[in-house]
Amino acid sequence: LLWIDENIPPTRKGYLNHGGDKIWPIVQALWPRVLNQPREWPPDSSLDGSPWTLVEASAKRIVIASPLSPHLGVRIRREFQLLDDQPSVRIVNSLTREAPSPFPVMIWSITQVHHPRFMLLGSAEALPWGAKWVVLTRNIQGEIAAIGDGAINWDFSGEEELRHESKLGTLGEWVAGVWDDWVFLQTTDFDPAGCYPDASSAQGFFNNVYAELELLSPMTFPAVGETISNTVTWTLFPRQGQDARQLVERISAMMERQ
């Protein structure tokens, strides 16, 4: 289900996108100022575009560390652990500030996948103006509908052509891509008192090549020597012909058991 292309040429201002899963440490609206560039693209190449270091590796666990970002003074460490009792992987993301910086940071995980049939996003609470979701691009395709009080169904499977980059967000603790046979669920903690600059902690995105499942920690300002962290859990399970509402009920039951 992961979208990976090691042969894709650099695009959009020289950014080399290999796909897979990655961490961005700051809200995109601040990229021009943080990176001293005219636009909100590309990302920090020291963290997304440079080789990381293998710290530890075993049969079911791997730890990797990024270079130091000269723009933010931070280094990221990621621990991936396959769980014994279920088809899941637990990812502990840690971000340590090693040099002074005037900018706040966050842990924003982006998983690029092949286009699902639709996405489901857990919605823990309404936005300040009462809506359950926020549109984060100029244009958006697909049908968006609330499922009860706790989830959103974003269905773009009926679109003949995905013409526009589209992004949707909500305040919640999970996001899932749904294919014909499989469901790829990602969960993390949601802090109702946290600072989420895009008014969302769970996001979905697609363009004409791939889609993204995204989870965000609150934005904060660690001092030099301080570390922030979050845990993201991936779970893969068979769809078994269930529709969006049935899947939301199933995911809710799974999360209650965790």
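Up top is the structure these notes are about.
If you're wondering where the values come from, they're calculated on a predicted model, not measured in any experiment.

Conventions we followed
Residues numbered from 1 in each chain as written. Predicted model: local features only at pLDDT ≥ 70, side-chain atom pairs only at ≥ 80, totals over all residues. Heavy atoms only, no water. Core = buried A, V, L, I, M, F, W, Y, C linked by side-chain atoms within 4.5 Å. Buried < 20%, exposed > 50% of the residue type's maximum accessible area, 1.4 Å probe, protein only. Helix = DSSP H or I, 4+ residues; strand = E, 2+ residues; numbered from the N terminus. 1 Å grid on protein atoms, 1.4 Å probe; cavity = no way out; pocket = protein on both sides within 12 Å on 5 of 7 lines; lining within 4 Å. Points joined across faces, edges and corners; volume = space filled by probe spheres on them. Nonpolar A, V, L, I, M, F, W, Y, C, P; charged D, E, K, R; others polar. Pairing = 2+ DSSP bridges. Axes fitted to C-alpha atoms, helices over the stretch in contact; angles between N-to-C directions.

Engineer: Explanation requested: the nonpolar core in the structure shown.
Structural biologist: Side chains that are nonpolar tend, in soluble globular proteins, to be buried together. Counting residues in hydrophobic clusters, the biggest one holds 23 residues, and the most contacted among them are Trp24, Ile26, Trp31, Leu72, Leu95 and Trp108. Put simply, the parts of the chain that give this core at least two residues each are β1 (21–24), α1 (31–35), β4 (74–82) and β6 (108–113). Here this core gets 3 residues from one element, more than from any other, and that element is α1. Judged by nonpolar contacts, the second largest core, of 20 residues, contains Val89, Leu121, Trp154 and Leu215.

Engineer: Please explain empty space enclosed by the protein as it appears in this structure.
Structural biologist: The gaps of empty space that remain are located by a probe, the size of a water molecule, rolled over the atoms. Tallied over the full model, the rule gives 1 cavity of 30 Å³ or more. Taken as a whole, the largest cavity encloses approximately 50 Å³ of empty space. In this structure, the largest cavity is lined by Ile23, Trp24, Pro25, Ile26, Trp31, Leu35, Pro43, Asp44, Leu47 and Asp48. If you list the elements that add at least two residues to the lining of the largest cavity, you get β1 and α1. Counted by class, the lining of the largest cavity contains 8 nonpolar, no polar and 2 charged residues.

Engineer: Where do I start with the sheet that holds strand β11 (residues 166–170) in this structure?
Structural biologist: Consider a sheet: its strands pair through backbone hydrogen bonds, and that pairing is either parallel or antiparallel. As summarised here, the arrangement of the 6 strands in space is β1-β6-β15-β14-β11-β8, forming an open sheet in which the pairing is antiparallel. Edge strands, defined here as strands with exactly one partner in the open sheet, are β1 and β8 (134–135). Across 6 bridges, the pairing between β6 and strand β15 (residues 211–216) is antiparallel. Residue pairing in the sheet places Ile110 in a bridge with Glu214 of β15.

Engineer: Whenever I open this one, the sheet that holds strand β16 (residues 227–238) confuses me. Can you help?
Structural biologist: Taken together, 10 strands build an open sheet; the order of strands is β2-β3-β4-β5-β16-β13-β12-β7-β10-β9 and the sheet is antiparallel. Whereas interior strands pair on both sides, the edge strands pair on one side only; in this sheet they are β2 (53–57) and β9 (143–147). Averaged over all adjacent pairs, the angle separating strand axes in this sheet is 15°, with direction ignored.

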